[in-house]
Every structure is written in C-alpha cells, then in structure tokens.
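Chain by chain, the residues:
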Amino acid sequence: MREERLFRLGILGSGKGSNAAAIADACAAGAIPARVALVLSDVENAGILAQARERGVPSRFIPPGQFRTKLDEAAETAFLEALRQAEVDLVVLAGFMRILKGELLRAFAQKVVNIHPALLPAFPGLEAWKQALDYGAKMTGVTVHFVDQGIDTGPIIAQETVPVLPGDTPDSLHARIQEMERKVYPAVIGALARGRIRTQGRQTTWQPDPGKDT
Ligand code: GRF
C-alpha cells in the first residue's frame, strides 16, 4: 500500500526555538498532520538548531551574508535551495530576525507564515511586547499572518488576546505571550496542513474541519 505523503514544514528561526519545539512536538504527537522536514537558522549557535537536533529533525545553519536585517542574495538563494530540496510545502517563520523580500517569497507565494507577539496592526517590528507595555496597553496578544514584502503586514490568519497585568515587566509579559504562541501557532499550522484556510486578498477564512462533525 502506498503511504500518503505528509505535508512538509520548513521552519526558519534565529532564537531559542520555543515555537519550533511546540510545532515539532505537535507533529510528532499527530496533532498537526505534517512533518518538520527542515529547520534553518541564520545564527550558528541558535537554540532552535539545538531543539531540532534533540528531536532528530534535520537542521542547518546558513550564513546570512553581509547585511544586518536581511539575507543577502546568495544567502536567500541558499535558504530557498535547502527548502526546495527538502520538498517543503509551507515555510514557517518562528523568530526569524531577517526580512524576506526576494526570491524566496516569490517561490513560496502565500506559503510563508509568521507569528508576531502583538495584535497587528498594533506594535509591528521589534520587541512588540515591550512596545505594548510602554504604550500602556491593557490588552495585547499574538497574530499569525501570511508574509508579504512588508514588515508584519501580510493577511491575518488568527489572533488571540493576552492581558497586560499590573506589575508586568517586559519579561513577564513576553513569557505570557509566548505561552499563547505555543497554542496558536500549532493550531494554525494544523489548519493549513489540512487545507482549511482560504485566502482572498487580505481576507482569510477558516473552512469547517472535515475531521469534525460541526
Ligand atoms: C516569538 O516571540 C515570536 O513572536 C517572535 O520571535 C519569538 C521567537 O521565539 N517573532 P522562539 O525562538 O520561538 O522561542
């Protein structure tokens, strides 16, 4: 009997890898009908690479080139080649600290997603939890969105709120947001792997889950 091909994820990250770990574990537990085919990082000693190694997931460091906030052309080509070779269906950004603008976005049009630690369009860019705290917001949250050429501007797939509590520090708020991220991101990726997300322009809609009666 022919085995059904599993949906394949390529995860890109620069940091500690808590989202990547949650996604890989949800795949291993069968909660996401997909496999993490590859983890790539632009940071040689990033925790995300260690998280991948611990779980037996193929991983690689690819040097980002000469710029600080984006990949240079050769580096973007190297990332793209690695993702193609691994036959990736969806590119998952999980704390990837470089802007993608060129070839990779064109090759994976509507197939790159990101998680942002705020309710977009509020607080785009860096340290969004600190921006929310400094602004005096009472509520912030997480946003999962498709990636376009802008910074945190692509069509929104899902959002969940997280309260800002009296006495919060940037670290305590960030930790509460990350706890929510570890629930929302696997749920969205599961829905994408099941083909449940439709997009028309900026509007995304969740189709009913064929596996459930509702
Ligand atoms: C997350 O908070 C995410 O929102 C942001 O970068 C962070 C990555 O954390 N884009 P981790 O590496 O997944 O632990």
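Worth saying up front: this structure is predicted, and the values here are computed from it rather than measured.

Student: Could you give an account of the pattern of salt bridges, naming the residues involved and the relevant values?
Tutor: Evaluation of the coordinates by the stated rule reveals 7 salt bridges. Its salt-bridge partner being arginine 5, residue aspartate 89 comes within 3.0 Å of it at the nearest N-O pair. Residue aspartate 89 is located in the loop between helix H3 (73-85) and strand E4 (90-93), and its partner arginine 5 is located in the segment before strand E1 (7-13); the two are separated by 84 residues in the primary sequence. A salt bridge links arginine 55 to aspartate 25, with the shortest nitrogen-to-oxygen separation between them at 2.7 Å. Highlighted residues: arginine 55 in the loop between helix H2 (47-54) and strand E3 (59-61) and aspartate 25 in helix H1 (residues 18-28), separated in sequence by 30 residues.

Student: Now, about the packing of helix H5 (residues 128-135) against helix H6 (residues 170-193): what can you tell me, with residues and values included?
Tutor: Between H5 and H6, the shortest axis-to-axis distance is 9 Å and the interhelical angle comes to 125 degrees. For the element pair H5 / H6, the angle class is oblique. In terms of crossing hand, the pair formed by H5 and H6 is right-handed. In this structure, H5 contributes Trp129, Lys130 and Leu133 to the contact, and H6 contributes Pro170, Leu173, His174 and Ile177.

Student: Residues and numbers for the environment of glutamine 207, please.
Tutor: Relative to the assigned elements, glutamine 207 resides in the segment after strand E9 (203-206). Sequence separation of glutamine 207 and isoleucine 197 is 10 residues, and the distance between their C-alpha atoms is 6.2 Å. Residues in contact with glutamine 207, not counting those within four places in the same chain, are Arg196 and Arg198. Looking at glutamine 207, its side chain comes within polar contact range of the side chain of threonine 205, at 3.5 Å.

Student: Which residues make up the packing of aromatic side chains, and what values do they have?
Tutor: In the structure shown here, the tally under the stated rule is 2 aromatic pairs. Note on phenylalanine 79 and phenylalanine 96: the rings are 5.7 Å apart at their centroids and 55 degrees apart in plane angle, and the pair reads as tilted. Of the two residues, phenylalanine 79 is situated in helix H3 and phenylalanine 96 in the loop between E4 and helix H4 (103-107); the sequence distance between them amounts to 17 residues. The burial state of phenylalanine 79 is the same as that of phenylalanine 96; both residues are buried. With a centroid separation of 5.6 Å and an interplanar angle of 65 degrees, the aromatic rings of phenylalanine 123 and tyrosine 135 are classed as edge-to-face. A residue pair is termed long-range when its members are at least 10 positions apart, and phenylalanine 123 in the loop between strand E5 (112-116) and H5 and tyrosine 135 in helix H5 qualify at 12 residues. Stacked on the ring of phenylalanine 67, the Lys or Arg lysine 70 has its end atom at 4.5 Å from the ring centre.

Definitions and limits used
Residues numbered from 1 in each chain as written. Predicted model: local features only at pLDDT ≥ 70, side-chain atom pairs only at ≥ 80, totals over all residues. Heavy atoms only, no water. Salt bridge = Lys/Arg side-chain N within 4 Å of Asp/Glu carboxyl O. Helix = DSSP H or I, 4+ residues; strand = E, 2+ residues; numbered from the N terminus. Axes fitted to C-alpha atoms, helices over the stretch in contact; angles between N-to-C directions. Parallel < 35°, antiparallel > 145°, perpendicular 65-115°, else oblique. Left-handed = near helix turned anticlockwise from the far one by under 90°. Contact = heavy atoms within 4.5 Å. Polar contact = N/O pair within 3.5 Å; in protein donor to acceptor, adjacent residues only side chain to side chain. Phe/Tyr/Trp six-rings, centres within 6.5 Å; stacked < 30°, edge-to-face > 60°. Buried < 20%, exposed > 50% of the residue type's maximum accessible area, 1.4 Å probe, protein only. Lys NZ or Arg CZ within 6 Å of the ring centre and 35° of its normal.

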